[in-house]
Structure formats: structure tokens, C-alpha cells
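Now for the letters of each chain:
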Amino acid sequence: RAKADGRSVFRFFESQMDSDARERRMLEVELRDALKNKELELYYQPLISAVDRRPMGFEALIRWNHPIRGLVPPAEFIPLAERSSLIVEIGDWTIEQACRAAASWPTGMTVAVNMSAKHFRLSDIAQVVKKALANSGLESNRLEIEITEGLLMENPEEVTIKLAEIRDLGVTLAMDDFGTGYSSLSYLLKFPFDKIKIDKSFIDASSQDPAARDILKAIASLGKTLNLRITAEGVETAEQADFLSTIACHQLQGFHFSPPLDSIDMPRYLLANVPTREAEVRAEVESV
Ligand code: C2E
Ligand code: MG
Ligand code: MG
Ligand code: MG
């Protein structure tokens, strides 16, 4: 009996695996048309100044509006896109789209774009960035590129050259998910980063664990020494925000302030939270 049960359990796993693989293949095929069918959309999540608690910019976060499945998160389809050169098309589109959007925002607002390591490797990435800036008219100092340390592990010489090319354009380089990898610290010294984004897991832990708060303090002081700006991601409570402000984090990002915003909520948010130059002048005049 035990033997028979074992076998049927095995068959169950086997068929489950098949159907997962089938499902992924189907999604991959559909993803090829997603761009053409305008099913991809960028959401924007505010990056808040820890000092005055006002938005300084936004991170672009991609979504797939699947006609049947609904909203598919990037964790599910970016890996699929990375299995083929589809990631290049999607990545090019994302940078282009994000720069165009940011060019329409009030002056000074920055936009951060996540870059897949595969996209970075497969294309002349500085050229892609340069073209997106030129097409949109966005000033280069308003664009940030976020990369994870996975990118830095292979071919460090080639990666260094490409990163330097991007940085020479005047674009900000941020290390995303800082602290989750194996060599975050050595990479900070080796590559030309301007900014680190501390991974949400440390922010989560800081609510309960004094050791996590000590680590955050250490990262903040390291940032100061290395002249790096610090963003904390996944800030969900006022207590976390206040603690991060006291240790001199520069930017806060998370549901406590705002979720990623779609094309309906984004203009509303801008209107409510970001004074335009015009409105500022009006306020100045009125206060005299
Ligand atoms: P990430 O770059 O670290 O982005 C932060 C993720 O945390 C986002 O998930 C965001 O929605 C989520 N988040 C923000 N604040 C909070 C919070 O307070 N609580 C919680 N629980 N979550 C929060 P999302 O949008 O699902 O993106 C997941 C990952 O997918 C991103 O992690 C990034 O690595 C990747 N990704 C997103 N958009 C793109 C893109 O356009 N291109 C590429 N290559 N990757 C992308
Ligand atoms: Mg990111
Ligand atoms: Mg991140
Ligand atoms: Mg993260």
C-alpha cells in the first residue's frame, strides 16, 4: 500500500510539474504579444524625503494587465522575459516610457528604473539610456538606474565599463536590495554607485529586532563615509519612518507613504503632493 501511495504521490508531483511548465510556456508566448497589445504598464511609487516628507521622485514598477489573468506582478513575468531576448524589448520600452512620463512631471522629480542584468548584458545599454533621454528631453540627472548585485558578479570588467558609460551621461546609479546578496560591501567599493536602497527585509526586522536597527545604523554611517545616498524600501509604519529619519536615511519608500500608483492615481497624487512651480510662485506672492 505504502508503495502504491508513494507512486501516486510521485505521479501527482510529476503532472503538477508538467502543468507548471506548460503554464509558464503559455505565459511566455502571450508575453511576446503583450507589448504590441499595450498590456504592459508602469506604476510609479513615490520616493519620500526623510527630511521634509515630501516626494522627491518615483520608482517605475512594471505590471502586466493580462486580459484573463488580471494584473500579473513582475516577479512572475520578468524571469520569463529573461529566458529570451524579450527582456531587451521590454527593458527598452520601460526606460523610454519612464523617461517620457518623468519629463511631464513637475520640475525636479526624479524617476528610477529597474534594470534586468540580462538586458544590461545583451545591449549597448548606455546607448539605450542616451536615446531615451534624447527622445523624452528629460535631464539626465533626473534618471536613476537600479541594479541588483547579481549583475555585478559576471564579467566585472565589462560591467564596470558599461556602468561608467551610464554614469558619464549624468545618470544616478543605485544598488537595489542592498544587504541581501553575498558581496554587497565589496561591490560598493568596486563599482561607481551613487545610492543604495536598503532591502525591505531589514526595515521589517527593525520593528522587533534591535540588532536589525544596529545594522541599519551601520549602513547609514557607511553611506555617509562613502558619500552614498540611502533609500529605505518597504517602509510600512510611522515608527519605521521615524527611526530611519533619525539615523539619517535620505529617502523613504513604502506603503506607509503610498503604494505604486497607476495612470489614474498618479496625476491625482502629483496634484495633491507636488506643488508646481506656478503654484509655488502663487503661494509666495500670496504670503507677502
Ligand atoms: P524592487 O525594485 O525592490 O521594488 C520594490 C518592490 O516592493 C515592488 O514590488 C513594490 O511594489 C514593493 N513594495 C514597495 N513598498 C512596499 C511596502 O511597504 N510593503 C511591501 N510588502 N512591498 C512594498 P513589485 O512592483 O512587485 O516589484 C518586484 C520586483 O520586480 C522589483 O523589486 C524589481 O526587482 C522587479 N521589477 C519591477 N519593475 C521592473 C521593471 O520595470 N523592470 C525590471 N527588470 N524589473 C522590475
Ligand atoms: Mg527597485
Ligand atoms: Mg528594491
Ligand atoms: Mg526589494
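Scope of this entry: the structure provided in the associated data block. On a predicted model such as this, the values are computed, not experimentally measured, just so you know. (Residues numbered from 1 in each chain as written. Chains lettered and ligands numbered in written order. Predicted model: local features only at pLDDT ≥ 70, side-chain atom pairs only at ≥ 80, totals over all residues. Heavy atoms only, no water.)

## Concerning the coordination of the magnesium ion (ligand 3)
Around a metal, the perfect tetrahedron of four donors has angles of 109.5 degrees, and the perfect octahedron of six donors has angles of 90 or 180 degrees.
Item 1. Within the protein, the atoms that donate to the magnesium ion (ligand 3) are Asp176 (OD), Asp177 (OD) and Glu233 (OE), at distances of 1.9 to 2.6 Å.
Item 2. We note that the donor set of the magnesium ion (ligand 3) lies within a single chain, spaced as D-D-x55-E.
Item 3. Here the magnesium ion (ligand 3) and the magnesium ion (ligand 2) are spaced 3.6 Å apart, linked through Asp176, which binds each one. In this pair, Asp177 sits in strand E6 (residues 172–178) while Glu233 sits in the loop between strand E8 (229–232) and helix H11 (238–246), placing the two residues 56 residues apart along the sequence.
Item 4. For Asp177, a relative accessible area of 25% gives the class partly exposed. (Donors = N, O, S within 2.8 Å, 3.2 Å for Na, K, Ca; no water. Helix = DSSP H or I, 4+ residues; strand = E, 2+ residues; numbered from the N terminus. Buried < 20%, exposed > 50% of the residue type's maximum accessible area, 1.4 Å probe, protein only.)

## Describing the coordination of the magnesium ion (ligand 2)
Item 1. Binding of the magnesium ion (ligand 2) to the protein goes through Glu59 (OE), Asn114 (OD1), Glu146 (OE) and Asp176 (OD), at separations of 2.0 to 2.2 Å.
Item 2. Sequence spacing of the donor residues for the magnesium ion (ligand 2), all on one chain, is E-x54-N-x31-E-x29-D.
Item 3. The class of Glu59 is buried, set by a relative accessible area of 5%.

## Topic: the packing of helix H2 (residues 74–82) against helix H3 (residues 86–103)
Item 1. Two numbers describe how H2 lies on H3: the axes approach to 6 Å, and their chain directions differ by 125°. Considered as vectors, H2 and H3 are oriented oblique to each other. Across the interface between the two elements, Ile78, Ala81 and Glu82 from H2 touch Leu86, Ile87 and Ile90 from H3.
Item 2. For the contact of H2 with H3, the class distribution of residues is five nonpolar, no polar and one charged. (Axes fitted to C-alpha atoms, helices over the stretch in contact; angles between N-to-C directions. Parallel < 35°, antiparallel > 145°, perpendicular 65-115°, else oblique. Contact = heavy atoms within 4.5 Å. Nonpolar A, V, L, I, M, F, W, Y, C, P; charged D, E, K, R; others polar.)

## Some thoughts on the packing of H3 against helix H5 (residues 125–136)
Item 1. Closest axis-to-axis distance for the H3/H5 pair is 9 Å, and the angle between their directions is 35°. Two packed elements cross with a definite hand, and for H3 against H5 that hand is right-handed. When H3 is examined against H5, the residues Asp92, Ile95, Glu96, Cys99, Arg100 and Ala103 are found in contact with a partner set consisting of Val128, Val129, Ala132, Leu133, Asn135 and Ser136.
Item 2. Classifying every residue of the contact of H3 with H5 gives seven nonpolar, two polar and three charged. (Left-handed = near helix turned anticlockwise from the far one by under 90°.)

## Re unusual backbone geometry
A negative phi holds for most residues other than glycine; trans holds for most peptide bonds.
Item 1. Unusually for a residue other than glycine, Lys38 sits at a positive phi of about 55°.
Item 2. By secondary structure assignment, the location of Lys38 is in the loop between helix H1 (2–34) and strand E1 (40–49).
Item 3. The residue Asn227 is not glycine, and still its phi comes out positive at about 60°.
Item 4. Residue position: Asn227 is located in the loop between helix H10 (210–225) and E8.

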